[in-house]
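# Observations on chain architecture
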Amino acid sequence: MEGDNSPDLQLQQLPPTSVAVSVNEVSFSYKENLIGALLAIFGHLVVSIALNLQKYSHIRLAGSKDPRAYFKTKTWWLGLFLMLLGELGVFSSYAFAPLSLIVPLSAVSVIASAIIGIIFIKEKWKPKDFLSCGLAVVGTYLLVTFGPNSHEKMTGENITKHLVSWPFLLYMLVEIIVFCLLLYFYKEKNVNYIVVILLLVALLGSMTVVTVKAVAGMLVLSIQGNLQLDYPIFYVMLVCMVATTVYQAAFLSQATQLYDSSLIASVGYILSTTIAITAGATFYLDFTGEDALHICMFALGCLIAFLGVFLITRNRKKAIPFEPYISMDAMPGMQNIHDKGMTVQPELKASFSYGALENNDNVSEIYTPATLPVMQEEHGSRAISAAPYRVLEHTKRE
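Residues numbered from 1 in each chain as written. Predicted model: local features only at pLDDT ≥ 70, side-chain atom pairs only at ≥ 80, totals over all residues. Heavy atoms only, no water.

## Focus: the overall build of the protein chain
Applicable threshold: Only DSSP runs of H or I with at least four residues qualify as helices, and only runs of E with at least two residues qualify as strands; both kinds are numbered from the N terminus onward. Any pair of residues with heavy atoms lying within 4.5 Å of one another is described as a contacting pair. In short, Shrake-Rupley with a 1.4 Å probe defines the accessible areas, and a residue's cover is counted only from the protein chains shown.
Helix and strand counts for the protein chain stand at 12 helices and 2 strands. Reading the secondary structure of the protein chain in the N-to-C direction produces α-α-α-α-α-α-α-α-α-α-α-α-β-β. Restricting to contacts in the protein chain with at least 6 residues of sequence separation, those with at least 24 account for 74%. Carbon and sulfur atoms make up 66% of the accessible area of the protein chain, which totals about 25,000 Å².

See the structure below:
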């Protein structure tokens, strides 16, 4: 009897054991998600602090008579150290959490930069700006809560398997065709719209984050004792990561020369995040096994974060460049020189302004414009006198 009952007892004990194992795996995967999300948030927060420190260093030097260069100040070097620390945190986050979860969290950098600008650089804000930050925070919360929960060891075999899978090969074919078409129109046809340039940046950026996750995951596994550095795919991914990062920075620098930085930040964030999530879902199969509710809530979080970032950057005022002169057309009470063809004479007591647009016959002699000296130039034995300007005379009838 005891021998007959023992198998039944063993069979009855197996299901609870398997359920406990699955629960442990789920809790462990959520723990990895949390570690990755916290590392990404920490990294983007530190990067925003670093950028604002360097900005503060430039502003302080510009407002003082300090002859030192910006790279000779402690504040700038502190900002550089914090930037490297933040980038290291973002890089490490890719090894723990899915790519589709980490990429949208770059909205934290925009939120933090806006808040730090209010506190330290004394930037003026309106109530609608706080609403924009609130939307971005809500979107970030939804992203972390309903982000994909797929976890896979970044071994050389797994990465190679994903690299030659037909969904990713099809995605790469479409991306290469689109990239070549955009590059042709941008270089040959001079189509330099901001969407075209930032689409080039986003397509390169999607490959950057795919390779970053592979490199970071293989490095973390190697540190944990499972050596992955002897796989050739690691060095292929490393080279692709560096190359795409360099070309991405080149296109970004071209965009900053043509368009406002706030517009680049908002449009670039939306395009780069969308394409990077698509690449992660295709290469790493981030949303495999996720139910429709989680996918819809994650998409809603992305849309809210997009809206918040767009409103934050849109509400920022553009910097007004310094003009060391006064526009003639903008001077109140003065006639337009283009309307009546009146001569413009240099004013005696002003270095950057030009005035005396009206008749000077009734003005005291001390305010009459001085006569410029006649320049003489000798060529051999001949002396040629030439005035560097043409003197225009006017009468009272003019």
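## Re helix α4 (residues 107-119)
Rule in force here: The span expected for a helix works out to 1.5 Å for each residue beyond the first. We call a residue buried when its accessible area falls under 20% of the maximum for its residue type, exposed when it is over 50%, and partly exposed in between, using a 1.4 Å probe and counting protein chains only.
For α4, built from 13 residues, the straight-helix expectation of 18 Å at 1.5 Å per residue is met to within 8% by its first-to-last C-alpha distance of 19 Å. With 10 of its 13 residues buried, α4 lies for the most part within the structure. If you check which residues of α4 are buried, you get Ala 107, Val 108, Ser 109, Val 110, Ile 111, Ala 112, Ser 113, Ala 114, Ile 116 and Gly 117.

## Focus: the pattern of salt bridges
Put simply, the rule reads: One speaks of a salt bridge when a side-chain nitrogen belonging to Lys or Arg is within 4 Å of a carboxyl oxygen belonging to Asp or Glu.
Scanning the entire structure with this criterion turns up 1 salt bridge. Close ionic contact of Glu 152 with Lys 161 constitutes a salt bridge, the shortest N to O distance being 4.0 Å.

## What about the packing of aromatic side chains?
The line we're drawing: Each aromatic pair joins two rings of Phe, Tyr and Trp (for Trp, the six-membered one) with centres within 6.5 Å, and gets the label stacked for planes under 30 degrees apart, edge-to-face for over 60, and tilted for any other angle. Definition used: whenever NZ (Lys) or CZ (Arg) falls within 6 Å of the ring centre and also within 35 degrees of the ring normal, the charge is taken to sit over that ring.
Counted by the stated rule, this structure contains 9 aromatic pairs. Seen in terms of ring centroids, Trp 76 and Trp 77 are 5.2 Å apart; in terms of plane orientation they differ by 90 degrees. Their pairing is edge-to-face. For Trp 76, a relative accessible area of 14% translates into the label buried. Pairwise contacts between aromatic rings join Phe 168, Tyr 171, Phe 283 and Tyr 284 into one cluster. In this arrangement the basic side chain of Lys 213 is found over the ring face of Tyr 284, its NZ or CZ atom lying 5.7 Å from the centre.

## Some points on unusual backbone geometry
Despite not being glycine, Asn 190 shows a phi value in the positive range, around 60 degrees. Within the fold, Asn 190 resides in the loop between α7 (166-187) and α8 (194-223). The class of Asn 190 is exposed, set by a relative accessible area of 56%.

## Looking at the nonpolar core
To keep it simple, the criterion reads: In this description, a nonpolar core means a group of buried Ala, Val, Leu, Ile, Met, Phe, Trp, Tyr and Cys residues linked to one another through side-chain atoms lying within 4.5 Å.
The biggest cluster of nonpolar side chains holds 48 residues, and the ones touching the most others in it are Tyr 94, Leu 99, Ile 159, Met 237, Phe 251, Phe 283 and Tyr 284. Broken down by secondary-structure element, the contributors of at least two residues to this core are α1 (2-62), α3 (99-102), α7, α8, α9 (232-258) and α10 (261-283). Among the elements that line this core, the one with the most residues is α8, at 17 residues. Non-local contacts of Ile 159, meaning those with residues more than four positions away in its chain, are made with Met 154, Ala 214, Met 218, Ile 233, Met 237 and Phe 283. Ala 107, Cys 302, Val 309 and Ile 312 belong to the second-largest nonpolar core, a separate cluster that totals 15 residues.

## Focus: the confidence of the model for the protein chain
Heads up, the condition is: As a per-residue measure, pLDDT tells how confident the predictor is, with possible values from 0 to 100.
For the protein chain, mean pLDDT is 76; residues scoring 70 or higher make up 69% of the total. Confidence drops under a pLDDT of 50 for residues 6-27, and excluding neighbours within four residues, the segment shows 1 contact in the predicted structure. Contacts from residues 333-370, a stretch scored under 50 in pLDDT, to residues over four places away or in other chains number 41 contacts.

## Focus on the side chain of Thr 211
Relative to the helices and strands, Thr 211 resides in helix α8. According to the relative accessible area criterion, Thr 211 is buried, its value standing at 4%. Ignoring anything within four residues of it in the chain, the contact list for Thr 211 reads Met 237, Cys 240 and Met 241.

## A closer look at the environment of Leu 303
Among the secondary structure elements, Leu 303 is positioned in helix α11 (residues 292-315). Leu 303 sits in the exposed class, given a relative accessible area of 56%. Between the alpha carbons of Leu 303 and Leu 135 there is a distance of 9.8 Å; along the sequence they are 168 residues apart.

## Here we look at helix α6 (residues 156-163)
Note the cut-off: In this context, the arc is that of the directions from the helix axis out to the C-beta atoms.
Within α6, burial applies to Gly 156, Asn 158, Ile 159 and His 162. Around the axis of α6, the buried residues are gathered within 165 degrees of arc, so they sit on the same side. Where α6 is buried, its residues meet α7, α8, α9 and α10.

## Re the environment of Glu 290
Definition in use: Each polar contact in these results corresponds to two N or O atoms within 3.5 Å; when the atoms are within protein, one needs to be able to donate a hydrogen and the other to accept it, and residues that are neighboring in sequence are counted only if both atoms are side-chain atoms.
Mapped onto the elements of the fold, Glu 290 is located in the loop between α10 and α11. Excluding residues that lie within four positions of it along the chain, Glu 290 makes contacts with Pro 148, Asn 149, Ser 150 and Ile 295. Reaching out from Glu 290, the side chain makes a polar contact with the backbone nitrogen of Asn 149 at a distance of 2.8 Å.

## A few points about the side chain of Asn 33
Its place among the elements puts Asn 33 in helix α1. A polar contact is formed between the side chain of Asn 33 and the side chain of Asn 149, at a distance of 3.3 Å. Other than its neighbours up to four places away in sequence, Asn 33 contacts Ala 97, Pro 98, Leu 101, Gly 147, Pro 148, Asn 149 and His 151.

## Here's the deal with the packing of α8 against α9
In plain terms, the rule: Angles here are taken between N-to-C directions and fall from 0 to 180 degrees, while the axes themselves are lines fitted to C-alpha atoms, restricted in helices to the stretch in contact. Oblique is the label for every angle not falling under 35 degrees (roughly parallel), over 145 degrees (roughly antiparallel), or within 65 to 115 degrees (roughly perpendicular). Crossing chirality is assigned from the near helix's rotation relative to the far helix, an anticlockwise turn below a right angle marking it left-handed and a clockwise turn marking it right-handed. When residues are sorted by character, Ala, Val, Leu, Ile, Met, Phe, Trp, Tyr, Cys and Pro go into the nonpolar class, Asp, Glu, Lys and Arg into the charged class, and all the rest, Gly among them, into the polar class.
Viewed as axis vectors pointing N to C, α8 and α9 meet at an angle of 150 degrees, and their least axial separation amounts to 8 Å. Looking at the two axes, α8 sits roughly antiparallel to α9. For the crossing formed where α8 meets α9, the hand is left-handed. The class makeup of the residues in the contact of α8 with α9 is 22 nonpolar, 6 polar and no charged.

## As for the environment of Ala 50
Positionally, Ala 50 belongs in helix α1. The spacing of Ala 50 and Trp 76 is 26 residues in sequence and 8.4 Å in space, taken between C-alpha atoms. Residue contacts for Ala 50: discarding those within four places in its chain leaves Gly 79, Leu 82 and Met 83.

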